[in-house]
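Listed below are the residues making up each chain.
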Amino acid sequence: MNEVRIDKWMWATRIFKTRTIAAEACKKGRIMIGGVTIKPSRMIKVGDVIQVRKPPITFSFKVIGLIENRVGAKLVPNYLENVTTPDQYEILEMNRISGFVNRAKGLGRPTKKDRRELEQFTEPEFMDDGFDFEFDFGEEDEE
């Protein structure tokens, strides 16, 4: 076996949960080899470097071995090497930290936890110190 379809390989190495999802990612232009988008039927060889764009970052995998059937998670390192650059993981970490602020459009309303975190972030600190802001506007008790 010198070559394998890329959609089969990505499914077998657990990059995608199903082969259908892997094929759709290829069709949508999220899978690249050498900066060129590829079709699901593209045959890959040992030594190819595959870029998988899963927003917000792009993962890079080097093909070490070829496989067509899905294997257990412990055997995956025998078939691929993760060569993703550290700056991509920094982007992922920053996105995780700022999670509720950068809510993607269409994901629904913020949860109660999101609202509380947002209020804690936006409210001034002096409100929590127990200051009493009741003012007397010149209304005096008439005797």
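Just so it is clear, the model here is predicted, and its values are computed rather than measured.

Enquirer: Help me get a handle on unusual backbone geometry, residues and values and all.
Expert: Residues Pro55 and Pro56 are joined by a peptide bond in cis, for which omega reads 15 degrees. Tracing the backbone shows Pro56 in the loop between β5 (49-54) and β6 (57-63). With a phi close to 65 degrees, Arg14 is a non-glycine residue in the positive phi region. Relative to the elements of secondary structure, Arg14 occurs in the loop between α1 (6-12) and α2 (19-27).

Enquirer: If you had to explain the pattern of salt bridges to someone new, which residues and values would you point to?
Expert: All told, the structure shown has three salt bridges when counted by the stated rule. Note that Asp7 and Arg19 form a salt bridge whose closest N and O atoms lie 3.2 Å from each other. A residue pair is termed long-range when its members are at least 10 positions apart, and Asp7 in helix α1 and Arg19 in helix α2 qualify at twelve residues. Within the structure, one salt-bridge network assembled from shared partners comprises Arg5, Asp7 and Arg19.

Enquirer: Could you give an account of the packing of aromatic side chains, naming the residues involved and the relevant values?
Expert: Scanning the entire structure with this criterion turns up two aromatic pairs. With 6.3 Å between their ring centres and 15 degrees between their planes, Phe59 and Phe61 make a pair best called stacked. Looking at Phe61, the relative accessible area reads 10%, which means it is buried. An angle of 65 degrees between the planes, with centres 6.3 Å apart, marks the rings of Phe59 and Tyr89 as edge-to-face. Residue Phe59 is located in strand β6, and its partner Tyr89 is located in helix α3 (residues 86-97); the two are separated by 30 residues in the primary sequence. A relative accessible area of 18% places Phe59 in the buried class. Given the relative accessible area of 33%, Tyr89 is considered partly exposed. An aromatic cluster of three or more residues is present, and its members are Phe59, Phe61 and Tyr89.

Quick notes on the rules
Just so you know, the residues in each chain are numbered from 1, in the order the chain's sequence is written. Local features in a predicted model are, by the rule used here, given only for residues with pLDDT of at least 70; side-chain atom pairs are given and counted only at 80 or more, and totals for whole chains, interfaces and linings are based on all residues. As a rule here, side-chain values cover all heavy atoms of the structure and leave hydrogens and water aside. Segments assigned H or I by DSSP are reported as helices when at least four residues long, segments assigned E as strands when at least two residues long, and all are numbered from the N terminus. The term salt bridge refers to a side-chain nitrogen of Lys or Arg lying within 4 Å of a carboxyl oxygen of Asp or Glu. Between the rings of Phe, Tyr and Trp (Trp by its six-membered ring), a pair exists once the centres lie within 6.5 Å; its type follows the angle of the planes, with under 30 degrees stacked, over 60 edge-to-face, and the other angles tilted. For every residue, the accessible area (1.4 Å probe, protein chains only) is compared with the maximum for its type, and the residue is labelled buried under 20%, exposed over 50%, or partly exposed between those bounds.

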